[in-house]
Amino acid sequence: MTPILHSSTSQSLGALASIIRHATGISGTTPTGHFKVEVYNASVFKISIAKDAFENFSYAVVGTPEPVTFKIEETELAAKVITATTQLVVTKNPVRFSLQTLDGTVINEDDTFGTAWNGEQVTTYKKLQPGERFVGLGEKTGGLDRKGNAYQNWNSDAYGYHSGTDPLYCSTPFYIGIHQQLVYGIFFDNTYKSFFNFGASNNRFASFSADAGEMTYYLIHADSVSEIIKQYTFLTGRMELPPLWSIGYQQCRYSYYPDKEVITLAKTFRDKDIPADAIVFDIHYMDKYKIFTWDEKNFPDPKGLIDFLKQEGFHVVVMCDPGIKVEPGYKTYDDGIKENVFIKYPDGENYQGQVWPGWCHFPDFTKPETRAWWAEQFKDYVALGVDGFWNDMNEIATWGHSLPENLEFDFEGTKATTRRGRNLYGFQMARSTYEGTKKLLNGKRPFNLTRSGFSGVQRYAAVWTGDNVSYDEHMLLGVRLVNSMGLTGIAFAGYDAGGFVGDASTKLFARWISIAAFAPFFRAHTMINTRDSEPWSYGEEVESICRNYIKFRYQLMPYIYSLFYDASKTGMPVQRSLAINYTHDPLIYSGLYHNQYLFGPSILVAPVESNKELLKVYFPEGTWYDLYTGQQWSGNQEAIIESPIHKLPVFVKAGSVLPMLPAHAHAGIVATEMHLHIYCGNESSEFLLYCDDGETFQYQQGEFSTRLIQHHGSQNLVVIGKTEGAFKPSYRKLKIVWHGSDAQQTTINGKQFTLTESQHSFFEPLEKYDPINEPDSMGEEPVRWAEIEYISDQIEISW
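Residues numbered from 1 in each chain as written. Predicted model: local features only at pLDDT ≥ 70, side-chain atom pairs only at ≥ 80, totals over all residues. Heavy atoms only, no water.

Next up on the list: the overall build of the protein chain. Broken down by element type, the protein chain carries 12 helices and 52 strands. Here the protein chain has a C-alpha radius of gyration of 27 Å; the compact-globule value for 799 residues is 28 Å, and the two agree. Over its C-alpha atoms, taken along the principal directions, the protein chain stretches across nearly 80 × 70 × 50 Å. Expressed as a percentage of the 799 residues in the protein chain, the buried residues total 64%. Looking at the protein chain alone, contacts between residues at least 24 apart form 69% of all its contacts between residues at least 6 apart. Total accessible area on the protein chain stands at roughly 28200 Å², and carbon and sulfur atoms take up 47% of it. Here the protein chain contributes 69 positive and 93 negative side-chain charges, whose respective centroids are spaced 3 Å apart. (Helix = DSSP H or I, 4+ residues; strand = E, 2+ residues; numbered from the N terminus. Rg over C-alpha atoms; globule rule 2.2 N^0.38 Å. Buried < 20%, exposed > 50% of the residue type's maximum accessible area, 1.4 Å probe, protein only. Contact = heavy atoms within 4.5 Å. Areas by Shrake-Rupley, 256 points an atom, 1.4 Å probe, with all protein chains shown as cover. Lys, Arg positive; Asp, Glu negative; His and termini not counted. Charge placed at Lys NZ, Arg CZ, Asp CG, Glu CD.)

Moving on, we come to the pairing of strand E22 (residues 315-320). Most of E22 sits inside the fold, with five of its six residues counted as buried. For the segment spanning strand E21 (residues 278-281), helix H3 (residues 302-311) and E22, crossover handedness is right-handed. In the sheet, E22 pairs with strand E26 (residues 388-391) via four bridges, with the strands oriented parallel. From the neighbouring strand, cysteine 320 faces E26, where its bridge partner is asparagine 391. (Right-handed = clockwise from strand over helix to strand, strands pointing away. Pairing = 2+ DSSP bridges.)

Here we take up the sheet that holds strand E24 (residues 353-355). Pairing in this open sheet of three strands is antiparallel, and the strands run E23-E25-E24 from one edge to the other. Edge positions in the open sheet fall to strand E23 (324-325) and E24, since each of these has one partner strand only. Sheet topology places E24 next to strand E25 (residues 358-361); three bridges connect them, and they run antiparallel. Paired with glutamine 354 across the two strands is tryptophan 359, which belongs to E25.

Positionally, histidine 584 belongs in the loop between helix H12 (578-581) and strand E35 (597-599). Look at histidine 584 and you get partly exposed, because its relative accessible area is 34%. Between the C-alpha atom of histidine 584 and that of glycine 494, which follows or precedes it by 90 residues, the distance is 26 Å. Here histidine 584 is in contact with Ile178, Gln181, Leu182 and Val183, once residues within four sequence places are set aside.

Dropping the structure here:
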């Protein structure tokens with residue numbers, strides 16, 4: 001019999017006193033607490049454990065129990081809740097939980113300690129399984145495998161953080177366990193300061209705990225990591241599609257002013273033929289840093305400026321800080337006082353914290369009336385033509401970095417303090433901004449970005465990794481952070497290319513832009529009093545390198561936008577940790593290779609420091625084409641790859657099909673020609689190509705189209721399915737490009753075509769290089785191609 005932990009300092013669930021069956025599961029009581037198990041679907045169990053009444057409240061979870069068949073079996077020793085795929089075994093003396101396969105193999109199980117209280121703190125202990133690895137937790141520093149490490153969730157303003165800083169800005173208390181060909185997920189739905197231990201300083205258990213509140217967690221089992229992510233985002237929600245322009249290149253600094261500098265910036269992008277879609281206004285556009293105002297000296301005509309930028313194909317993103325300056329006569333302050341929207345001390349006084357404008361009040365976004373008030377404040381921005389919004393400083397960041405823990409939050413009328421509300425503040429601010437601007441934009445999609453968040457934030461905003469630093473280690477850290485955020489449901493994420501703190505070297509900026517071109521959110525940014533950090537600011541060579549990779553990003557737009565559609569339907573990230581596709585391959589967890597990732601299903605990216613011209617790369621299962629030369633590499637092998645500053649190691653999986661466009665200046669340009677790149681091989685693949693207008697929510701009423709592209713590798717056959725849906729794409733021509741084939745002819749819908757052979761590169765030669773000794777510095781490969789009319793009916797291509 002398992003001993004019951006019961007001492008003066010710690011108490012765990014004891015022997016089962018009674019059990020009740022109900023429509024969604026079971027519940028029971030013990031002398032020290034009670035529990036409830038709810039079946040959400042065949043793969044997801046919700047376990048709630050408390051001393052008193054269950055709270056049954058969550059900002060994170062929007063999924064509800066689905067109709068599902070399950071059975072309950074009870075013996076003298078245990079109760080079992082059994083679905084079509086999994087069983088949860090609840091032992092009776094003491095009460096402990098074990099997730100198992102139907103044949104009894106343990107997937108995840110409680111340690112002897114089970115769930116225990118130490119004062120207010122509540123902890124669940126799980127046995128470490130043989131060879132177990134842990135991935136996830138979102139924005140956490142360190143390696144891909146979390147084994148042997150511990151972390152805490154307490155959203156913090158982590159300016160200039162380093163490669164071991166914890167916590168950072170955003171908390172997603174969800175992780176995935178991997179062992180013995182099994183995978184599971186645990187989402188701990190508690191917003192108090194929480195702690196995760198994956199065998200740090202012990203070899204017995206993994207644990208998760210919170211300073212207070214109840215122990216509510218979701219146990220998820222599936223056959224794959226991708227299905228675990230799908231179930232997690234079933235619980236916490238998925239993103240709506242962002243505007244197409246927001247996944248293009250965005251240029252930012254702290255700050256561009258006056259307006260003439262912004263105009264020059266926009267013209268320079270167009271003059272230099274470097275694609276871009278957004279210019280970001282940091283706090284200097286405001287009057288003395290007061291949100292919802294404009295500096296009349298530096299921006300005397302914001303409407304005229306924004307109209308000019310729109311004509312040039314640019315959208316405007318404005319900084320939105322939550323601090324409202326305490327200044328009678330400042331409209332937003334006066335209105336906030338009148339509407340009673342600010343966070344308060346227990347005695348009813350409005351809290352004041354010091355930040356950029358000076359002493360400020362802060363809206364309480366857990367109060368419905370505050371969210372409605374906040375939405376109204378954006379009317380003037382939207383009337384000017386602003387459609388991008390950047391929620392910053394929302395941890396809450398204040399000078400002194402010591403937010404009082406006795407502040408009161410409304411929590412939808414249930415009341416709570418900072419202890420429960422701090423981790424939610426950025427999440428609820430992002431929600432308020434998104435819901436408000438979405439309504440004001442009358443059917444157009446807002447772009448919404450946040451620094452701070454909690455699980456579920458993906459429903460409302462993209463997330464970026466905050467105030468990073470301009471050095472190589474930080475560049476690679478940003479890649480791992482975004483990989484990990486993708487594992488925890490945040491598909492739209494990125495980092496400040498070039499680094500925010502400090503000055504990037506010429507090589508570092510070039511390398512960072514090349515990597516960031518393969519990130520979901522693509523923005524360059526730097527802080528005040530640093531060197532200029534635009535693509536042309538580092539000399540002609542770097543300018544050419546940046547132009548190449550930014551243009552390649554725009555060529556990939558149909559592919560990338562389709563990945564965002566997938567994220568909106570399944571939660572699958574755009575930037576994918578190799579743990580998703582190659583879960584049980586031990587080499588992907590090595591420190592040598594844990595920076596590598598897939599950009600969508602087909603593109604393997606191997607980030608490398610700016611000062612390294614050789615990189616050891618691991619090719620996972622499959623065959624891989626060098627993006628630049630077409631050289632093929634067999635999978636399950638390591639290789640040394642050249643990585644000069646103008647060539648980031650990037651590879652395309654054989655059997656893939658990449659839908660692409662000719663390079664274009666911004667996302668608003670209507671494309672009439674699609675390029676379909678076929679990477680020949682024995683492997684097969686499917687890709688769902690998605691199209692809509694890129695700017696409205698009409699896709700939610702059926703105004704979109706999809707085409708299933710199937711590559712039957714061993715048959716030398718590609719089938720482009722009939723266009724499904726009401727939206728009609730603008731394409732008129734289809735250029736089909738074969739990589740790795742020596743075929744001379746193709747048959748397309750029964751008609752034969754002779755293929756044209758040519759040298760191909762996605763990139764332009766760099767002018768600096770010697771045209772005699774190195775005539776094409778970016779590399780070329782021989783390809784074959786044919787061009788046909790783009791039709792909506794099925795297209796069969798064989799060769």
